Amino acid sequence: GCVYLMKSGRFFKIGKSNAAGRREYELAIQLPEKLKTVHVIKTDDPTGIEEYWHKRFAAKRRNGEWFDLDSKDINAFRRRKFM
C-alpha cells in the first residue's frame, strides 16, 4: 500500500490507499479546486504510517485528514520513499 500527500488549494490531505492514482481521481471529483499528488510513500503498513504523519502534524490539522502544512513539513514528508 501507500500513504499519500495531496494538495487542494492551500490545504494538504494525508491518507492511505492501495492505488494512489485512483484515490486522487475519486477525491478530485468531490473538490472545487484542483487536486495534485505531492508525494507517495510506499509501505507495508499504510495504517500505521498514516497514523504517524497524522500525529506528527496534529497541531496543523484543519478538518478530517486535511492539514495546513508549510514547506518544511512537506519536505519532511517528501524525504521518505518507503517506511
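Conventions we followed
- Residues numbered from 1 in each chain as written.
- Predicted model: local features only at pLDDT ≥ 70, side-chain atom pairs only at ≥ 80, totals over all residues.
- Heavy atoms only, no water.
- Buried < 20%, exposed > 50% of the residue type's maximum accessible area, 1.4 Å probe, protein only.
- Helix = DSSP H or I, 4+ residues; strand = E, 2+ residues; numbered from the N terminus.
- Pairing = 2+ DSSP bridges.
- Core = buried A, V, L, I, M, F, W, Y, C linked by side-chain atoms within 4.5 Å.
- Contact = heavy atoms within 4.5 Å.
- Patch = residues over 30% accessible without salt bridge, like charges linked within 9 Å, V, L, I, M, F, W, Y side chains within 5 Å.
- Areas by Shrake-Rupley, 256 points an atom, 1.4 Å probe, with all protein chains shown as cover.
- Salt bridge = Lys/Arg side-chain N within 4 Å of Asp/Glu carboxyl O.
- Lys, Arg positive; Asp, Glu negative; His and termini not counted.
- Charge placed at Lys NZ, Arg CZ, Asp CG, Glu CD.
- Arc of directions from axis to C-beta.
- Polar contact = N/O pair within 3.5 Å; in protein donor to acceptor, adjacent residues only side chain to side chain.

Student: It is not clear to me how the pairing of strand β1 (residues 2–8) should be interpreted in this structure. Could you clarify?
Tutor: The side chains of a regular strand alternate, residue by residue, between the two faces of the sheet. Along β1, six of the seven residues are buried, which leaves the element largely enclosed by surrounding structure. As defined by bridge partners, β1 adjoins strand β2 (residues 11–17) across seven bridges and the pair is classed as antiparallel. Residue M6 lies in a different strand from β2, and its bridge partner there is K13. As consecutive antiparallel partners, β1 and β2 are separated by two residues, and within that stretch G9 has a phi angle of approximately 65 degrees, a positive value. By the bridge criterion, seven bridges tie β1 to strand β3 (residues 35–42) in an arrangement that is antiparallel. Within the sheet, the bridge partner assigned to Y4 lies in β3 and is V40.

Student: Help me understand the nonpolar core, please; the structure alone is not making it clear to me.
Tutor: The tendency in soluble globular proteins is for nonpolar side chains to be buried side by side. With 14 residues, the main nonpolar core has L5, I14, W53, L69 and F77 as its most contacted residues. Secondary-structure elements contributing two or more residues to this core are β1, β2, β3, α2 (46–56) and α3 (71–78). Excluding its chain neighbours within four sequence positions, the residues that come into contact with F77 are V3, Y4, L5, I14, H39, I41 and W53. Among the nonpolar cores identified, the runner-up in size contains five residues, and Y4, M6, L27 and W66 belong to it.

Student: Which parts of the structure should I look at to understand the side chain of E50?
Tutor: Residue placement: E50 occurs in helix α2. Sequence-distant contacts of E50, defined by excluding residues within four places in its chain, comprise V3, I14, G15, K16 and E65.

Student: It is not clear to me how a positive patch on the surface should be interpreted in this structure. Could you clarify?
Tutor: A cluster of like positive charges, contributed by K7, K36, R78 and K81, occupies part of the molecular surface. The residue K81 is located in the segment after α3 in this model. Assessed through its relative accessible area of 59%, K81 is described here as exposed.

Student: Got a minute to help me understand α3 in this structure?
Tutor: Along an α-helix, residues three or four positions apart point the same way, because every turn accommodates 3.6 residues. Here α3 has its buried residues at D73, I74, A76 and F77. In an axial view of α3, the angular spread of the buried residues amounts to 160 degrees, which keeps them on one side of the axis. In α3, the exposed residues that point more than 90 degrees away from the buried face are S71 and K72. For α3, the elements touching its buried residues are β1, β2, β3 and α2. With a side-chain oxygen positioned 3.1 Å from the backbone nitrogen of K72, the residue opening α3 is D70.

These results come straight from atomic positions and should not be treated as a statement about function.
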